[in-house]
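So the chains spell out like this:
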Amino acid sequence: MSHEYFNPVRSVYGAGALSSLPGLLDGQRAVVVTFPEARQLGLVARLEQLLGDRLAGVIDDVRPNPDVAELRALYDDFWRAPERAQVIVAVGGGSAIDTAKALMVGTASGRFDELVESLAAGRPFEPARCKRLIAVPTTAGTGSEVTPWATVWDRAAQKKYSLHLPQTWPDVAVIDPELMLSLPAAVTLQSGLDALSHALESIWNVNANPVSDTFAVAAIHDILDTLPRLMASLDDVGLRGRMALAALKAGMAFSNTRTALAHSISYEMTLRYGLPHGIACSFPLPMVLQRALGRSAERDAVLARALGPLDGAAQRLAAFMERLGVKTRFADYGVTDEQAEKMVAYALTGARGRNFIGTAMREAA
Ligand SMILES: [Fe+2]
């Protein structure tokens, strides 16, 4: 059986890598898309100094889990004067990078609603014009800097859309662990567990291939070893660097497989229970692992490479998360057994749920 692996993103990695940004612009002008706190952290001033007159503007009102209601104004404003910049530099976590991916693909009318209508109808969307994206993650977890996907929420309609186009791959990912030093404990933990979820979800996945497995296994080893130590020493740039690299590997893994059942569950938990993404997609991991085991000898072998002996692996994973302060049962989040059963059954039918090896086996049976 032949396999294929593809990832076109150039990645620049290392402490201080942000200073490579001016060269990466290739003489083009850029708009920076970032989170509101970037200004008080001194990040915006640093970018202004680095980019000089190549900086065409700063959009710093990115919200967590970007919603169509907030994106509409940003998008329509951006495409009113598209000539001012050829590049979007996204600096932040998944929300900033996802916002930039929504901004970078221009509709013919320049109106965001045209894009949302395509997403809502499940129609293929062909951008009329595009900007180049340079993604600079400030968290170690999202992986969005090396994938073409963006999650766009529509809370009014209780929906989430996945934007993914050949044009939404970032051109370059700049991964600088120094930018992660100021991350608070809660965000460090949530993003680290998001990366763990990406790596595991790429293994119990019908789209897995030997290259994605190699990235995933390495990421899991790194995260299990590094995340607890980093939580005890948040200002250790060496540990920040190891987690940044682990998140990059997890991103490379799931850039080819997409996520699976735990992420499918997470969307419901975020929409209905308000859980942050990193917790919503990681608390079900021990339960999903238990469901994945025994489905395929080949997938079991990769999980054993990642987690050690499979006997007791789900319990060890749950204990790892509980030691980090993350509860792993639905009941801990106010979801009854009956609601949880319904939610998992529904999640298995979603686009990501159908990537789960357990779903495919069940359908084949
Ligand atoms: Fe995720």
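In this numbering scheme, every chain counts its residues from 1 along its sequence in written order. For this predicted model, a pLDDT threshold of at least 70 governs which residues receive local features, and a threshold of 80 or more governs which side-chain atom pairs are given and counted, while totals over whole chains, interfaces and linings are taken from all residues. Calculation of side-chain values draws on the structure's entire complement of heavy atoms; hydrogens and water are dropped beforehand.

Another aspect to go through is the packing of helix H6 (residues 185–203) against helix H13 (residues 313–323). For the pair H6 and H13, the least separation of the axes is 13 Å and the interaxial angle reads 165 degrees. Put simply, H6 runs roughly antiparallel to H13. Here H6 and H13 pass one another in a crossing that is left-handed. Facing Leu193, Leu196 and Leu200 of H6, the residues of H13 in contact are Leu317, Phe320 and Met321. Gly is placed with the polar residues, together with every amino acid not listed as nonpolar (Ala, Val, Leu, Ile, Met, Phe, Trp, Tyr, Cys and Pro) or charged (Asp, Glu, Lys and Arg). Here the contact of H6 with H13 is composed, by residue class, of six nonpolar, no polar and no charged. The convention used is that axes are lines fitted to C-alpha atoms, helices contributing only their stretch in contact, and that angles between N-to-C directions extend from 0 to 180 degrees. By the criteria applied, helices consist of DSSP H or I runs no shorter than four residues and strands consist of E runs no shorter than two, each listed in order from the N terminus. These descriptions rest on fixed angle ranges, namely under 35 degrees for roughly parallel, over 145 for roughly antiparallel, 65 to 115 for roughly perpendicular, and the rest for oblique. Throughout, a crossing is termed right-handed when the near helix is turned clockwise from the far one, and left-handed when it is turned anticlockwise from it by less than a right angle. In what follows, a contact means two residues having at least one pair of non-hydrogen atoms within 4.5 Å.

Along the chain, the position of phenylalanine 112 falls in helix H5 (residues 112–121). The sequence separation of phenylalanine 112 and proline 124 amounts to twelve residues, and the corresponding C-alpha distance is 15 Å. Excluding residues that lie within four positions of it along the chain, phenylalanine 112 makes contacts with Val68, Leu71, Arg72, Tyr75, Asp76 and Ala102.

Moving on, we get to the coordination of the iron ion. Coordination shells were defined by N, O and S atoms within 2.8 Å of each metal, extended to 3.2 Å for Na, K and Ca; water is absent from the atom set, which can make sites look incomplete. Distances from the iron ion to its protein donors, Asp194 (OD), His198 (NE2), His263 (NE2) and His277 (NE2), fall within 2.2 to 2.3 Å. For four-coordinate sites, all angles between 85 and 135 degrees define a tetrahedron; for four- and six-coordinate sites, opposite donors beyond 155 degrees with the remaining angles between 65 and 115 define square planar and octahedral shapes respectively, and all other cases count as irregular. Each of the four donor atoms bound to the iron ion contributes to angles spanning 81 to 167 degrees, and the resulting shape is irregular. Here the donor residues for the iron ion map to a single chain with the spacing D-x3-H-x64-H-x13-H. With aspartate 194 and histidine 198 both in helix H6 and four residues apart, this pair spans about one turn of that helix. Exposure classes here rest on a 1.4 Å probe applied to the protein chains alone. A residue is buried below 20% of its type maximum, exposed above 50%, and partly exposed in between. Assessed through its relative accessible area of 3%, histidine 198 is described here as buried.

Classification of ring pairs rests on two measures: the distance between centres of Phe, Tyr or Trp rings, Trp counted by its six-membered ring, which must be within 6.5 Å, and the angle between planes, read as stacked under 30 degrees, edge-to-face over 60 and tilted in between. Evaluated as defined, the whole model comprises nine aromatic pairs. A ring pair is formed by tryptophan 149 and phenylalanine 254, whose centres lie 5.5 Å apart and whose planes are at 50 degrees; its orientation type is tilted. Residue tryptophan 149 is located in strand E8 (residues 149–154), and its partner phenylalanine 254 is located in helix H8 (residues 237–257); the two are separated by 105 residues in the primary sequence. On the basis of relative accessibility, which here comes to 6%, the residue phenylalanine 254 falls in the buried class. Ring centres of tryptophan 153 and tyrosine 267 lie 6.1 Å apart, and the angle between their planes is 65 degrees; on these two criteria the pair is classed as edge-to-face.

The next thing to look at is helix H11 (residues 285–292). Among all positions in H11, only Leu285, Pro286, Val288, Leu289 and Ala292 are buried. Summarising the axial view, the buried residues of H11 lie within an arc of 160 degrees, below the 170-degree limit, and thus occupy one face. At the exit of H11 stands glycine 294, carrying a positive phi of roughly 85 degrees. To be clear, the arc concerns the directions from the helix axis to the C-beta atoms.

Residues of helix H12 (residues 297–307) that are buried include every one of Arg299, Asp300, Val302, Leu303, Ala306 and Leu307, and no others. All buried residues of H12 fall inside an arc of 160 degrees around its axis, so they share one side. Those residues of H12 that are exposed and aimed more than 90 degrees away from the buried face are Ala297 and Glu298. A positive backbone phi angle near 85 degrees is found at glycine 308, which sits one or two residues after H12.

Within strand E4 (residues 87–92), six of the six residues are buried, which leaves the element mostly enclosed by the surrounding structure. Neither face of E4 is exposed, since Val87, Val89 and Val91 on one face and Ile88, Ala90 and Gly92 on the opposite face are all buried. Two strands pair when backbone bridges link them, and strand E2 (residues 30–34) and E4 are joined in this way by five bridges, in the parallel orientation. When the sheet's bridge partners are listed, alanine 30 is paired in E4 with valine 87. With six bridges connecting them, E4 and strand E7 (residues 132–137) associate as parallel partners. By the bridge assignment for E7, valine 87 is matched with arginine 132. Whether two strands pair comes down to DSSP finding at least two bridges between them.

To continue, consider unusual backbone geometry. Of note in the backbone geometry, aspartate 26 takes a positive phi value of approximately 55 degrees without being a glycine. Structurally, the position occupied by aspartate 26 is in the loop between helix H1 (21–24) and E2. Residue asparagine 65 is not a glycine yet carries a positive backbone phi of 50 degrees. Relative to the helices and strands, asparagine 65 is located in the loop between strand E3 (55–59) and helix H3 (68–78).

Read across the sheet, six strands follow the order E1-E10-E7-E4-E2-E3 without closing on themselves; strand pairing throughout is parallel. Edge strands, defined here as strands with exactly one partner in the open sheet, are strand E1 (10–13) and E3. Each neighbouring strand pair of the sheet contributes to a mean axis angle of 20 degrees, computed without reference to strand direction. Each of E2, E3, E4 and E7 touches helix H4 (residues 94–104); the most contacted strand, E4, lies at about 160 degrees to it. The sheet contacts of H8 involve E1 and strand E10 (172–175), and relative to E1 the element is tilted by about 170 degrees.

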